[in-house]
Amino acid sequence: MKNLVVAKFGGSALGIDGESIPLVIERINDLRKESKVIAVFSAPLTIQNGKKRSLTDVILEQGRNAETGKTTDLDAVRACYEKILGLVKSENKEDCKKIIELFLKKAQDALDDAHEKREFVDEIRSRALAFSGEILMSHVMNFILKSNGIKADAVSYEDWPIITDHNIESTNFLASKSRDRLDKTAKLVEENQVVTIGGFIGKTQDGITTTYERGGSDRTAADLGILFHDKYETRVDFEKDSSVVSADPKIVQDDLSGVDQMSYNEARLAGMFGMKILDPIAIKEIVENGIDIPIIITNMQNPLKITTIKRISDNNTGHPIKLVTGKENCAIFKVESGAGQRLLSSLEKEKRYSEYVILSPFTKDGIEFSRILFLDGDYVKRNEKYLLAFDPLASITYNRGVITLIGDEMWRVHQVASRTSAKIGETGLNILNMDAQEETSRIIIVIEDSGDNIKKAINAVHKEKSEINFD
């Protein structure tokens, strides 16, 4: 089979007003030497009021203005694309201008609908985001690629291959329905060196525009890998400003080590617990569809520095504690165990929500209670009524932070739980809960989320990790 790379370029990879697009072109040229390429693009970044912002955030702000009856405009969005247009050669520039104006009109129409209805939700919100951000960017990049002598084409929204359910603003991928709509995109891939497509955006069978949650372009890349894996020798490549290291370099500066290889499980856990490697739902979708494709995290500045993510890691010679990460703004839901089981079933089947961890239960007055650690406290706040409907006597504790050690081979490290918890204690922080199970490839330490507690704890645990001798 021929090779195919599904390469995802996020807003940071594109740079402010497209300033890093020349590097993106360089990377695509490297990738296409040995493979067909599907390039997935996020919305670009811009500067507004002196601050770096994604065009997604710019449009969300305009949508909030529309809801309150304020005038909306796309001046900042248009200015960003006008700067990017400078990368398009003269023979393609007029057509690219027309595409920009066409899509921005669609986005403005959505904002006008929001203004009229005084609500910026569901398909109105999805249309505004899609036509001002990801989809438009994919078409602009198509013209830029052509201007650089690359045989390329963009996926038309009319032929969109990512089919989803009707959860409009946090939609779910429907693989079988998407395969039914794949023919035109597959033909584009066959006929071109590079095919561009917007991330984050889906479409229902009856044509309603949908969006994944933030970070959803990762899921688009994974979904395309799922759809094409039986047609090509496929891999998914996430182009970033760094390959994976042992902790977030914005938090930990000392003793960082590179991670050459990870398992799907380790990468999913890392994403759940605060490490911005890729959206954990992207890996979940690959696993649920029974697919085994390599995922590569590439340092765009130095493409020789990569981290390979596989279903099962075959490199167990490095440090068995792969990562130390932290998650702020968590919440713990304590509920009678029977009601807790009903809640978990509902979360899975009805909400399709999985960003939680079940902690060890406890018994009080002969009644067993479950503890569910939600990794997004805002989700809990938005859904308190739904959660408490399962047990009105349940309790919710907010302002919890989680420090997590991750590694499938962590069982090889003697006294790792006691040593790391002691290190947190030395910083003066109180451990509120600790969950260490060999089978789960992770150790969870719960502390109060206040001040710089999470940062202090991550640094303390990472320092201890770097000193542990596991031979």
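Residues numbered from 1 in each chain as written. Predicted model: local features only at pLDDT ≥ 70, side-chain atom pairs only at ≥ 80, totals over all residues. Heavy atoms only, no water.

Trainee: Outline the pattern of salt bridges, listing residues and values.
Mentor: Under the defined criterion, the tally for this structure stands at 20 salt bridges. R214 is paired through a salt bridge with D57; the nearest N and O atoms lie 3.0 Å apart. Here the residue R214 occupies a position in the loop between strand 8 (209-211) and helix 10 (217-228), and D57 occupies one in helix 3 (residues 55-67), the gap between them amounting to 157 residues. Assessed through its relative accessible area of 47%, R214 is described here as partly exposed. Linked by salt bridges that have partners in common, R27, D30, K33 and E239 make up one network. (Salt bridge = Lys/Arg side-chain N within 4 Å of Asp/Glu carboxyl O. Helix = DSSP H or I, 4+ residues; strand = E, 2+ residues; numbered from the N terminus. Buried < 20%, exposed > 50% of the residue type's maximum accessible area, 1.4 Å probe, protein only.)

Trainee: Tell me about the packing of aromatic side chains, residues and numbers included.
Mentor: Enumeration according to the criterion identifies eleven aromatic pairs in this entry. When the centroid spacing of 6.2 Å and the interplanar angle of 45 degrees are considered together, the rings of F228 and Y232 count as tilted. Pair check on accessibility: F228 and Y232 agree, each one buried. Taking the ring centre of Y386 as reference, the NZ or CZ of K351 above it sits at 4.6 Å. Here the basic side chain of K381 rests over the ring of Y398, its NZ or CZ set 5.3 Å away from the ring centre. (Phe/Tyr/Trp six-rings, centres within 6.5 Å; stacked < 30°, edge-to-face > 60°. Lys NZ or Arg CZ within 6 Å of the ring centre and 35° of its normal.)

Trainee: A description of the environment of E464 should follow, citing residues and the corresponding values.
Mentor: As for its position among the elements, E464 is in helix 17 (residues 453-467). As a C-alpha pair, E464 and T420 span 44 residues in sequence and 6.5 Å in three-dimensional space. In this view, E464 contacts R419 and K423; residues no more than four positions away in its chain are not counted. (Contact = heavy atoms within 4.5 Å.)

Trainee: Outline the environment of S346, listing residues and values.
Mentor: One can find S346 in helix 13 (residues 337-351). Note on S346: relative accessible area 5%, which makes it buried. In the structure, S346 is positioned 41 residues away from L387 in sequence and 9.9 Å away in space, judged by C-alpha atoms. Ignoring anything within four residues of it in the chain, the contact list for S346 reads K351, Y386 and F390.

Trainee: With reference to specific residues and values, describe the state of the cysteines.
Mentor: Chemically, a disulfide is nothing more than a covalent bond linking the sulfur atoms of two cysteines. Scanning the entire structure with this criterion turns up zero disulfides. Considering cysteine sulfurs only, C96 is the nearest to C80, which forms no disulfide, with 12 Å between them. (Disulfide = S-S within 2.5 Å.)

Trainee: Can you tell me about the sheet that holds strand 11 (residues 295-299), naming the residues and giving the values?
Mentor: The strand order across the open sheet built from eight strands is 5-6-2-1-9-11-12-10, with neighbouring strands paired in mixed fashion. Two strands close off the open sheet at either side, each with one partner strand: strand 5 (152-154) and strand 10 (261-263). Strand-to-strand twist of the sheet, defined as the mean angle between neighbouring strand axes without regard to direction, takes the value 20 degrees. Direction of pairing for strand 10 relative to strand 12 (residues 306-310): parallel, over a ladder of three bridges. Residue pairing for strand 12: S263 is matched across the bridge by K310. Relative to the sheet, helix 7 (residues 134-147) contacts strand 2 (36-41), strand 5 and strand 6 (194-198), its axis offset from that of strand 6 by approximately 160 degrees. (Pairing = 2+ DSSP bridges. Axes fitted to C-alpha atoms, helices over the stretch in contact; angles between N-to-C directions.)

Trainee: Any details on the nonpolar core? Residues and values, ideally.
Mentor: F228 and I277 are the most contacted members of the largest nonpolar core, which has 112 residues in total. Counting residues per element, this core draws most heavily on helix 5 (residues 90-117), which supplies nine residues. In contact with F228, not counting residues within four places along its chain, are L4, I38, L182, T185, A186, V189 and T234. Among the nonpolar cores identified, the runner-up in size contains 18 residues, and I321, V324, M410 and I443 belong to it. (Core = buried A, V, L, I, M, F, W, Y, C linked by side-chain atoms within 4.5 Å.)

Trainee: Before we move on, could you go through the pairing of strand 3 (residues 45-48) and cite the residues and values that matter?
Mentor: Where strand 3 lies against strand 4 (residues 51-54), four bridges are found, and the strand directions are antiparallel. Across the sheet, Q48 pairs through a bridge with K51, a residue of strand 4. Counting the residues that bridge the hairpin from strand 3 to strand 4 gives two residues, and of these N49 lies at a positive phi of roughly 55 degrees.

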